[in-house]
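One letter stands for each residue in the lines below.
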Amino acid sequence: MKGIVVKNTGYWYTVKTDGGRMVESKIKGNFRLKGIRSTNPVAVGDRVKIVVNEEGTAFITEIEDRRNYIIRKSQNLSKQSHILAANVDQAFLLVTVSHPQTSTTFVDRFLASAEAYRVPVVLIFNKNDLLNEEELRCQSMMVGLYEAIGYECRVICAADGSGVGELCPLLRDKVTLLSGNSGVGKSTLLNLLIPDAHARVAEISEAHDVGMHTTTFSEMLDVPDGGYLIDTPGIKGFGTFDMEPEEITSYFKEIFQFSQECRFSNCTHTHEPGCAVLQAVENHHIALSRYESYLGMLKDKEEAKYREKF
């Protein structure tokens, strides 16, 4: 029997069979030993094969080849990954300039990981109503930056629903991953897009202006007009996984574009003479924040190599 994983609680997986039946499933212990260095070898969005037992539950025996996935480094296990979702058509990354602040580093790492697996990303800037004049300018600059690179950006206020209706056509007949830092308003937005979701909403911690986790597992939900939305727990950081230094350039659209003009084909864009990327940063054709995110990802790989030796 075949189906799609629509919910992952960490131990149980809910599989929606091709016949429309919901089956609670587990994975066999040896399933984790097939070279998948992941804390969750089965992810929401995976197409799987299951064998149902007498109790009405099932074992997942096979994962079909994935079209793509969004992956990040596990927070606790540096040599393992965590797959946020598989077989997605696009991702909505919810961003807040304040209450809490989403760093450009987080945004850039998410975008680079999505680029690695050819997943289009729409940046959704939320909590427009809470921003002061300076924060609104900052938001406008961020929108301008990412739109200039080629990413679609939308500005909404999930609290009063403004701008949310414009997102609905983007969801139609697509599988969309909804992600972002804790506290950016994912649950509020989800309840507007899918009223039957009844996602729990928590207040922001006033002491630290950070979000509190309300979603504790990943789940695929039906969008009223067709399509699916994958809700995921809020994440505080986004560590990149299994990226070689020479690959990272191609995951930054504008850096890759200028890199074609570098004197050396193996240029790392850090110190080499005739580096068109360094020149573009100096001339403000590449944003310093994006370049620093690129350098940070290079450093991640160097530190990982150092750790793995000992």
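Not measured: the values here are computed from a predicted model.

Here is what the cut-offs are and how they apply
Residues numbered from 1 in each chain as written. Predicted model: local features only at pLDDT ≥ 70, side-chain atom pairs only at ≥ 80, totals over all residues. Heavy atoms only, no water. Helix = DSSP H or I, 4+ residues; strand = E, 2+ residues; numbered from the N terminus. Contact = heavy atoms within 4.5 Å. Areas by Shrake-Rupley, 256 points an atom, 1.4 Å probe, with all protein chains shown as cover. Buried < 20%, exposed > 50% of the residue type's maximum accessible area, 1.4 Å probe, protein only. Pairing = 2+ DSSP bridges. Right-handed = clockwise from strand over helix to strand, strands pointing away. UniProt positions renumbered as here; feature names shortened; annotations may be inferred. Polar contact = N/O pair within 3.5 Å; in protein donor to acceptor, adjacent residues only side chain to side chain. Phe/Tyr/Trp six-rings, centres within 6.5 Å; stacked < 30°, edge-to-face > 60°. Lys NZ or Arg CZ within 6 Å of the ring centre and 35° of its normal.

## Some points on the overall build of the protein
Across its full length, the protein carries eight helices and 13 strands. Looking at the protein alone, contacts between residues at least 24 apart form 65% of all its contacts between residues at least 6 apart. For the protein, the accessible surface area stands at approximately 15,600 Å², while carbon and sulfur atoms represent 50% of it.

## Some details on the pairing of strand β9 (residues 121–125)
By the criterion of burial, β9 is predominantly enclosed, with five of the five residues buried. The side-chain alternation of β9 yields two buried faces, one formed by Val121, Leu123 and Phe125 and the other by Val122 and Ile124. With five bridges connecting them, strand β8 (residues 90–95) and β9 associate as parallel partners. Residue pairing across strands places Val95 opposite Phe125, the latter belonging to β9. The parallel pair β8 and β9, bridged by helix α1 (residues 104–116), forms a crossover whose chirality is right-handed. With respect to chirality, the unit in which β9 leads through helix α2 (residues 133–149) into the neighbouring parallel strand β10 (residues 152–155) is right-handed.

## Remarks on the UniProt feature "binding site: Zn(2+)" (unreviewed entry) in the protein
Per the UniProt record, "binding site: Zn(2+)" (unreviewed entry) is annotated on Cys262, Cys267, His269 and Cys275. The topology assignment puts His269 in the loop between α6 (253–259) and α7 (276–282). Ignoring anything within four residues of it in the chain, the contact list for His269 reads Thr249, Ile255, Ser259, Cys262, Cys275, Val277, Leu278, Tyr291 and Tyr294. For His269, the side chain forms a polar contact with the main-chain oxygen of Cys267, separated by 3.4 Å.

## Description of unusual backbone geometry
Look at the link from His99 to Pro100: it is a cis peptide, with omega at -10 degrees. Its location among the elements puts Pro100 in the loop between β8 and α1. For Lys127, which is not glycine, the phi torsion reads 65 degrees and is therefore positive. The class of Lys127 is buried, set by a relative accessible area of 12%. Its identity is not glycine, yet Asp173 carries a phi of approximately 60 degrees, on the positive side. Within the element layout of this structure, Asp173 appears in the loop between α3 (168–171) and β11 (175–180).

## Brief notes about the packing of aromatic side chains
What the rule picks out here adds up to four aromatic pairs. Between Phe252 and Tyr294 the ring centres are 6.0 Å apart and the planes differ by 85 degrees, which places this aromatic pair in the edge-to-face class. In this pair, Phe252 is assigned in the loop between α5 (245–248) and α6 and Tyr294 in helix α8 (residues 288–308), connecting sequence segments 42 residues apart. By relative accessible area, Tyr294 is classed as buried at 1%. Taken together, the ring pairs connect Phe252, Tyr291 and Tyr294 into an aromatic cluster. Against the face of Tyr69 rests Arg66, its NZ or CZ located 5.6 Å from the ring centre. Here the basic side chain of Lys253 rests over the ring of Tyr151, its NZ or CZ set 4.2 Å away from the ring centre.

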